[in-house]
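Coordinate analysis (summary)
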Amino acid sequence: MAPQRNEAHIVVPPAGEAPSDPVMSEAALKRIADIVFDLTDGDVDGLQVEHSARVVTRVANNRVLTTDNGNDIRLTFRATSGGRREIRFTTNLVDADMLRRSLRALRELANSQFGPPNSFTLHVATPQQKLLPVQLWKETTSAAMTEASTTAIPQMLTPLKSSGLKGSGFLGYSARAVYAGEPEGHRAYCRETDVECTVSARFPDGKASGWYGQANRDWSKIDPKLVAEKAIDMANRSKGPSAVEPGRQTAVLSPFAVAQLMAPMAGQFDAFATNEYKITVFAVSNDPTRDNKIGLRVLDSRINITSDPLDPEGGYTPFGDWPVDNWAMPTHTMSYVEKGVLMDLAHTHDYSLDRGKPFNQDPWSMRVEAVPNTQLMTEEEMIAQCKRGIYVNRFSYVGMLDSPSALLSGVTRDGCFLIKDGKINRPVKNFRFIDSPMFALNRLVAIGKTQRVPFGYMAHDNGQYYYERWPRRPMIVPPIMVTDFNFSALSDAV
Amino acid sequence: MSLGACDRRQFLSTLSLAAGGVMLGSRVLSAEETRGTAPQRWLEAGLAPEQLRTLAAAALDAATANGATYADVRVAYRQRYQMGPYNGFMPDTPDSPYVDAFFEGGVRASAGATFGFHFADIPSIDALQTAGRAAAALAKGFTAIDRGAMEFAPAPAVQGAWVTPYTIDPFAVPLDEQADLIVGIQRGVRARLPYADPSVYVGWERETRVCMTTTGTLTTQTFLRATTANPIVKMQRGLTSIWSRYMYGGITRHGGYEIMTGPEVPERFKALAEETAPLTMYPTRALDVGRYPVIFDGAATASLITQLVGPAFQLDRVLGLEANASGTSFLSPMEEHFETQLLPKQWTLHAGRPTEFTTGAKWDDEGVAPQPVTLVEEGRVMNYLTDRQTVSALRDAYTKRGVPVQSAGYCSSGTADRPPTVGQAHFTLAPNPARTSTDDLMRGMTHGVLLRGPMHILGDQQLSSGLLLGDMAEIRNGKMVNYLDNSMGMQFRLLPLLKTLKGLGDASTVGEAHTDALKGEPPQTIWNSATAPAMLCTSGDFVSKKGGY
């Protein structure tokens, strides 16, 4: 799956690289970077080389619909001059002539008069800054990318075909290697694997459905048969839903539902958006003593929120690896909320680095969990202590309504049940909700054990563009039980 | 005829005069100074159509040599740039431009039961042959597991080429000059309109895409897409934002730099400024939560179509092929809804792919020429958006109608390296032939709401309901009396809402909308656009969303 040798291109894996590796090694990407820096002879200040590969199989109506396999190399260049804002250029065309000419023009443009000089400080990583020793690569996944889908897909299809339901599914493996840095400065490399497996099962009349999914960096932790069986079970339990009056209810939210509420929160932790634009829930206006709520309790005191490249389930590349980030700048373990208190914000912008704050990306890899020694409950235990409420398997089409309050709206789907007197009473029709994870996590009744969850499909909404990117960064979340969750209207959607 | 640099500067000067006589720019650059910064200097060494065709042929040959019974391939070279205002500490300074250039290729092959798809993003014979072989191998492998047959409608072989007509090549206009245009417009707007916060982006994408099939189709299309985004002004009064209409139209278009600088643009700018400025004179207030009659202006109706109604007609969604991805449709299952009176009798909805819009093409991504389709006729569901893979589901209906079972040409890949899907259409809701202005629709309204589009709609997995957000005004006794602050949204179930339709506007009320949407897994971006008249519905549920934005 490594790129092909071609005389016109500079992408040539060095001898000795294992042909079965889906993405290039550090040595190979470094060689590309060195060749490009030599080629461009000082025209660029920074470069990121990313090699990604995926093996995807989609299933619909109990049959294989299509695959979506391949690999891609992407180079992003950066040039700055005279303290003016940087110019960026991205391409997957690694033709030497084209690169040389384009990057010469890049330098000319960087030298031109965009913005006043010295208005922008480019921060670069130094060799003294060490990267956290993450372990994001799993050989089980890498090996599975060549063969596993032909055995895994039948495992998914077999229960679907015998269920009498219409099954749709997704099994995607990915591998990614990224190398970034400056010509004479700091360099960074990381590689990762990931797998996501999801199934929707629907009745042929379209009146009920179920969904389940798994995500992990390690293929050995994924069980397509189990995913299909659980989706079928959820669909069967959802048959014959009845309408329940909308309104504020106690809600037991599965980890899938919690992940979909928390995913839009990533941008809320951005320091620039909070302190300067005042458009996040953590911003403070009209108070000359503070810009934000750091040090104040913002959530239930039983909640911690962290983002840690070393997280065993939620780890990620330990340096800025988006073109808008500070490339190769090391990222750190971040504790954003401790015992409900806001501890820090993500300093993704040079403005923050100018103020001596450590660089970090917005935490779209996130662990939301109970403070140690909190009594945890299973979903069954939460249901057992609920007199009346709604159990939600997952949401759909979640979007931000109002950033300063993190108010979201979306629709339940694939399993929504009335809880009555400590038991699941019956399946109910879906609801639209209008609520904020900030409000919900301040009305916490119970919290459970965390797990890595897949997102499933995420609708493009309100600039949540990083969730279009696949694979998505890990979310590790618990099931929760909250009071007064706002199910604002019935929805006809199934 | 192309305008020279001098004419473009004259345009900028005229624009500022139209906005109130403010001098624009801080310097004038000579042609020599600016020549180096034209985007095409960065992107000179592209891939010629002939090279793309050679690569496509290599992929197909490899696929068929490896056992594919059918294969098609899309290969493309795509260049793009965009530049906008720096919304930080320097409001009159353009932000860093970004520029990119990509090769994208994707091969789809069948061995009977299903498709295998493999993409290749290196423009080499080796890479495309590998992709072709791999796609065929995948198809054969899954055919061994799934022994059903796949229906794939035939299509006549087509050979041709098409290039977007344009007057000024945007890639040849120096970025410095484009930066001057942004700054000039923004300064001009602020000089003319109080509370204004204009946000102008300039950007273009040029893509040459070749589609080739093993049944003899070969199409080469070069699209020049204006990705310019240009709400002329956002005016802030307290927490309320009031948006003007788009200066360059609500739908992104194919065309050159003349879209930004055509002779009609200063007049259009002036007209929009004059239309929007009075809105800031209205008081703003919150509306009491409740149920009100509601008028969708043309752009608001168009938004409803691009975000909910239109995508619901994508036949792959109706058939459940997207159930685990973007969702299904309120038209599912097809057997229950086809040829039924589901929508208002006043609604006749057409789809097409006119090449003036970026949703348009001369041929789709299976090489089929898009046909206009009447989706809804006087409220009856009559047809769907189809491709060669899905149209077979309509075999019985088409046979009864005596029409061939052929794709209508709505197959799209967001980029050439993504699997084809059903999507990308321009929808047209027919206006009322009887004279009915927006004022006429408002006339009988004692107390209601006017929605000023385009609107943003949070939908659901079947596109059957939503929460609608955007600019709203309060109507009392037939006249606008207040602008509503941004604390409200309209919650609705689509079909019950449309059942309350009382009136449709005429051609004078027509507005535009354009929406990006995601389809497939991993997701790819598909566009929809629409033109539609205003409409009056007697019942919209207005809820509070607390706080402004």
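Calculation notes
- Just so you know, the residues in each chain are numbered from 1, in the order the chain's sequence is written.
- To read the labels, note that chains go from A and ligands from 1, taken in the order they are written.
- Side-chain atom pairs in this predicted model are given and counted only at pLDDT of 80 or more, local residue features only at pLDDT of at least 70, and totals for whole chains, interfaces and linings cover all residues.
- Side-chain metrics in this entry use all non-hydrogen atoms of the structure; hydrogen atoms and water are not considered.
- Comment: elements are numbered from the N terminus, with helices defined as DSSP H or I runs of at least four residues and strands as E runs of at least two.
- Accessible area is worked out with a 1.4 Å probe on protein chains only. A residue is then buried under 20% of its type maximum, exposed over 50%, and partly exposed in between.
- What makes two residues a contact is simply this: any of their non-hydrogen atoms within 4.5 Å.
- Surface accessibility follows the Shrake-Rupley procedure with a 1.4 Å probe radius. Residue values consider only the protein chains on display as shielding.
- Two aromatic rings, drawn from Phe, Tyr or Trp (for Trp, its six-membered ring), form a pair once their centres lie within 6.5 Å of each other, and the interplanar angle then sorts them: stacked below 30 degrees, edge-to-face above 60, tilted otherwise.
- Note on criteria: charge over ring means Lys NZ or Arg CZ within 6 Å of the ring centre, with the direction from the centre no more than 35 degrees off the ring normal.
- A residue's pLDDT is simply how confident the predictor is in it, with values from 0 to 100.
- To estimate how far a helix should reach, multiply one less than its number of residues by 1.5 Å.
- Working definition for bend: take the seven residues up to and ending at a residue and the seven starting at it, fit an axis to each, and measure the angle between the axes.
- Paired strands, in this sense, are two strands between which DSSP finds at least two bridges.
- Axis angles are defined between N-to-C directions and span 0 to 180 degrees, where every axis is a line fitted to C-alpha atoms and, for a helix, only to the segment in contact.
- Basic side-chain nitrogens of Lys or Arg form a salt bridge, by our definition, when they fall within 4 Å of a carboxyl oxygen of Asp or Glu.
- The criterion is simple. A nonpolar core is a set of buried Ala, Val, Leu, Ile, Met, Phe, Trp, Tyr and Cys residues joined through side-chain atoms within 4.5 Å.
- As used in this structure description, the phrase polar contact means that two N or O atoms lie within 3.5 Å; if the pair is within protein, one of them must be able to donate a hydrogen and the other to accept it, and residues adjacent in sequence are counted only when both atoms belong to side chains.
- For classification purposes, an angle smaller than 35 degrees is called roughly parallel, one larger than 145 roughly antiparallel, one from 65 to 115 roughly perpendicular, and anything else oblique.
- Left-handed describes a crossing whose near helix is turned anticlockwise from the far helix through less than a right angle; right-handed describes the clockwise counterpart.
- Cysteine sulfur atoms are paired as a disulfide whenever they come within 2.5 Å of each other.

1. Notes on the overall build of chain A
Looking only at helices and strands, chain A has 9 helices and 20 strands in total. Split into buried and exposed, the 494 residues of chain A put 65% on the buried side. For chain A, the proportion of contacts with a sequence separation of at least 24, taken over those separated by at least 6, is 74%. In the form shown here, chain A has an accessible surface area of approximately 17200 Å², with 49% of it arising from carbon and sulfur atoms.

2. Section: the overall build of chain B
A tally of helices and strands in chain B yields 14 helices and 24 strands. Contacts spanning at least 24 positions in sequence make up 75% of the contacts within chain B whose residues lie at least 6 apart. As presented, chain B carries roughly 18300 Å² of accessible surface, and 53% of it is formed by carbon and sulfur atoms.

3. Some details on the packing of aromatic side chains
Residues and elements named next belong to chain A. Under the defined criterion, the tally for this structure stands at 21 aromatic pairs over all chains. Aromatic side chains Phe 269 and Tyr 336 sit 4.9 Å apart centroid to centroid with 55 degrees between the ring planes, which places their arrangement in the tilted category. Of this pair, Phe 269 sits in the loop between helix 5 (255–262) and helix 6 (271–277) while Tyr 336 is found in strand 10 (residues 334–338), placing the two residues 67 residues apart along the sequence. The exposure classification of Phe 269 matches that of Tyr 336, with both residues buried. An aromatic cluster is defined as three or more aromatic residues linked by ring pairs; in this entry it consists of Phe 395, Phe 431, Phe 433, Phe 485 and Phe 487. Over the ring of Trp 137 we find Arg 191; its NZ or CZ atom is 3.9 Å from the centre of that ring.

4. Remarks on the confidence of the model for chain A
Residues and elements named next belong to chain A. A residue-level look at chain A finds 89% of positions with pLDDT of 70 or above and a mean pLDDT of 87. Contacts of residues 1–17 to residues separated by more than four positions or lying in other chains number 49 contacts, the stretch itself having pLDDT below 50. Every residue in residues 461–466 scores below 50 in pLDDT, and together they form 16 contacts with partners more than four places removed in sequence or on other chains.

5. Quick notes on helix 3 (residues 139–163) of chain A
Residue and element names in this part refer to chain A. An ideal rise of 1.5 Å per residue puts 36 Å on 25 residues; helix 3 measures up with 34 Å between its terminal C-alpha atoms. Of all bends in helix 3, the biggest is about 70 degrees, found at Glu 147. Listing the buried residues of helix 3 in full gives Thr 141, Ser 142, Ala 144, Met 145, Ala 148, Ser 149, Ala 152, Ile 153, Met 156, Leu 157, Pro 159 and Leu 160.

6. So, the sheet that holds strand 12 (residues 373–377) of chain B
All names here are of chain B. Ordered in space as 13-12-11-16-23-22, the 6 strands form an open sheet in which the pairing is mixed. Every interior strand has two partners, whereas the edge strands, strand 13 (380–381) and strand 22 (511–519), have only one. Judged from the 4 bridges that link them, strand 16 (residues 425–429) and strand 23 (residues 524–532) form a sheet pairing that is parallel. Note that in strand 23 the partner of Ala 425 across the bridge is Asn 528. Packed onto the sheet, helix 9 (residues 298–312) meets strand 11 (349–352), strand 16, strand 22 and strand 23 and runs at close to 25 degrees relative to strand 22.

7. Some points on the pattern of salt bridges
Pairs can form between side chains of opposite charge once their charged atoms are near each other. Under the definition given, this model contains 49 salt bridges over all chains. One salt bridge in this structure joins Arg 248 of chain A and Asp 435 of chain A, with 3.8 Å as the shortest N-O distance. Of this pair, Arg 248 of chain A sits in strand 8 (residues 247–253) while Asp 435 of chain A is found in strand 16 (residues 431–435), placing the two residues 187 residues apart along the sequence. Asp 435 of chain A gets classed as buried once you look at its relative accessible area, which sits at 2%. Ionic pairing is found between Asp 440 of chain B and Arg 443 of chain B, a salt bridge with its closest N-O pair at 2.5 Å. One end of the pair is Asp 440 of chain B and the other is Arg 443 of chain B, both in helix 13 (residues 438–443) and 3 residues apart, which spans about a single turn. Each of Arg 78, Glu 104, Glu 205, Glu 207, Arg 209, Arg 225 and Asp 365 of chain B takes part in a single network of salt bridges with overlapping partners.

8. Let's talk about unusual backbone geometry
The omega torsion of the bond from Ser 332 of chain B to Pro 333 of chain B falls at -10 degrees, within 30 degrees of zero and hence cis. Mapping Pro 333 of chain B onto the fold places it in the loop between helix 10 (315–318) and helix 11 (334–337). Here the bond from Glu 521 of chain B into Pro 522 of chain B is cis, since omega is -15 degrees, no more than 30 degrees from zero. The backbone of Asp 414 of chain A shows a phi angle near 55 degrees, a positive value even though the residue is not glycine.

9. Some details on the sheet that holds strand 10 of chain A
Residues and elements named next belong to chain A. Read from one edge of the open sheet, 6 strands run 11-10-9-12-19-18, paired in mixed fashion. Because the sheet does not close on itself, it has two edges, and the strands there are strand 11 (341–342) and strand 18 (451–453). By the bridge criterion, 2 bridges tie strand 12 (residues 366–370) to strand 19 (residues 475–477) in an arrangement that is parallel. If you follow Arg 367 over to strand 19, its bridge partner there is Ile 476. Across the sheet, helix 5 lies against strand 9 (303–307), strand 12, strand 18 and strand 19, angled at about 125 degrees from strand 19, the strand it touches most.

10. Let's talk about the nonpolar core
Counting 163 residues, the largest nonpolar core has Phe 77, Tyr 173, Leu 253, Ile 305 and Phe 485 of chain A as the members making the most contacts within it. Residues in contact with Ile 305 of chain A, not counting those within four places in the same chain, are Met 262, Phe 269, Leu 299, Met 334, Ser 335, Tyr 336, Val 337, Met 366, Arg 367 and Val 368 of chain A. Residues Leu 308, Met 334, Leu 385 and Leu 494 of chain B belong to the second largest nonpolar core, which totals 64 residues.

11. Notes on helix 5 of chain A
Residue and element names in this part refer to chain A. Counting buried positions over the 8 residues of helix 5 gives 8, a clear majority of the element. For helix 5, the complete set of buried residues consists of Pro 255, Phe 256, Ala 257, Val 258, Ala 259, Gln 260, Leu 261 and Met 262. Of the residues flanking the start of helix 5, the one acting as N-cap is Ser 254, its side-chain oxygen 3.2 Å from the backbone nitrogen of Phe 256.

12. Points about the environment of Leu 109 of chain A
By the element assignment, Leu 109 of chain A lies in helix 2 (residues 96–110). Spatially, the C-alpha atom of Leu 109 of chain A lies 8.7 Å from that of Ala 79 of chain A, the residues being 30 residues apart in sequence.

13. Section: the side chain of His 337 of chain B
All names here are of chain B. Among the structural elements, His 337 can be located in helix 11. Here His 337 falls in the buried class, since its relative accessible area comes to 12%. Of the polar contacts made by the side chain of His 337, one reaches the backbone oxygen of Leu 331; its length is 3.3 Å. Excluding its chain neighbours within four sequence positions, the residues that come into contact with His 337 are Phe 330, Leu 331, Ser 332, Leu 342 and Val 381.

14. Structural notes on the side chain of Ser 303 of chain B
Residue and element names in this part refer to chain B. With respect to the helices and strands, Ser 303 occurs in helix 9. When its relative accessible area of 1% is taken as the criterion, Ser 303 is described as buried. The residues touching Ser 303, leaving out its near neighbours within four places in the chain, are Pro 454, Met 455, Ile 457 and Ala 513.

15. Some details on the packing of helix 1 (residues 26–40) of chain A against helix 2 of chain A
All names here are of chain A. For the pair helix 1 and helix 2, the least separation of the axes is 9 Å and the interaxial angle reads 55 degrees. Taken together, the axes of helix 1 and helix 2 lie oblique to each other. Here helix 1 runs over helix 2; the crossing is right-handed. Across from Val 36, Leu 39 and Thr 40 in helix 1, the residues of helix 2 making contact are Ala 96, Leu 99, Arg 100, Leu 103 and Arg 104.

16. Here's the deal with the packing of helix 3 of chain A against helix 4 (residues 224–237) of chain A
Residues and elements named next belong to chain A. Two elements in contact, helix 3 and helix 4, have axes whose closest approach is 7 Å; the angle formed by their N-to-C orientations is 25 degrees. Between helix 3 and helix 4, the angle is such that the two are roughly parallel. Crossing of helix 3 against helix 4: the hand is right-handed. Contacts between helix 3 and helix 4 involve Ala 152, Gln 155, Met 156, Pro 159, Leu 160 and Ser 163 on the former and, on the latter, Pro 224, Lys 225, Ala 228, Glu 229 and Ile 232.

17. Focus: the state of the cysteines
Where two cysteines share a covalent bond between their sulfur atoms, that bond is called a disulfide. Enumeration according to the criterion identifies 0 disulfides over all chains in this entry. No disulfide involves Cys 386 of chain A; its sulfur sits 13 Å from the nearest other cysteine sulfur, which is in Cys 416 of chain A.

18. Some words on the confidence of the model for chain B
Residues and elements named next belong to chain B. Per-residue confidence for chain B gives a mean pLDDT of 85, with 85% of residues at or over 70. In the predicted structure, residues 1–35 sits below a pLDDT of 50 and forms 55 contacts with residues beyond four places in sequence or in another chain. Interface scoring of the predicted complex returns ipTM 0.92; its pTM is 0.92.

19. So, the environment of Ser 326 of chain B
All names here are of chain B. Within the secondary structure, Ser 326 is located in the loop between helix 10 and helix 11. We classify Ser 326 as buried; its relative accessible area is 0%. For Ser 326 and Gln 462, which are 136 residues apart along the polypeptide, the C-alpha to C-alpha distance reads 8.8 Å. Among the polar contacts made by the side chain of Ser 326, one reaches the side chain of Glu 322 at a distance of 2.5 Å.

20. Structural notes on the environment of Tyr 166 of chain B
Residue and element names in this part refer to chain B. Looking at the element boundaries, Tyr 166 is found in the loop between strand 4 (159–163) and helix 6 (175–192). For Tyr 166, a relative accessible area of 38% gives the class partly exposed. Measuring from C-alpha to C-alpha, the distance between Tyr 166 and Glu 258 comes to 7.6 Å, with 92 residues separating the pair along the chain. If we skip the residues at most four places from it in the chain, Tyr 166 touches Leu 224, Gly 255, Gly 256 and Glu 258.

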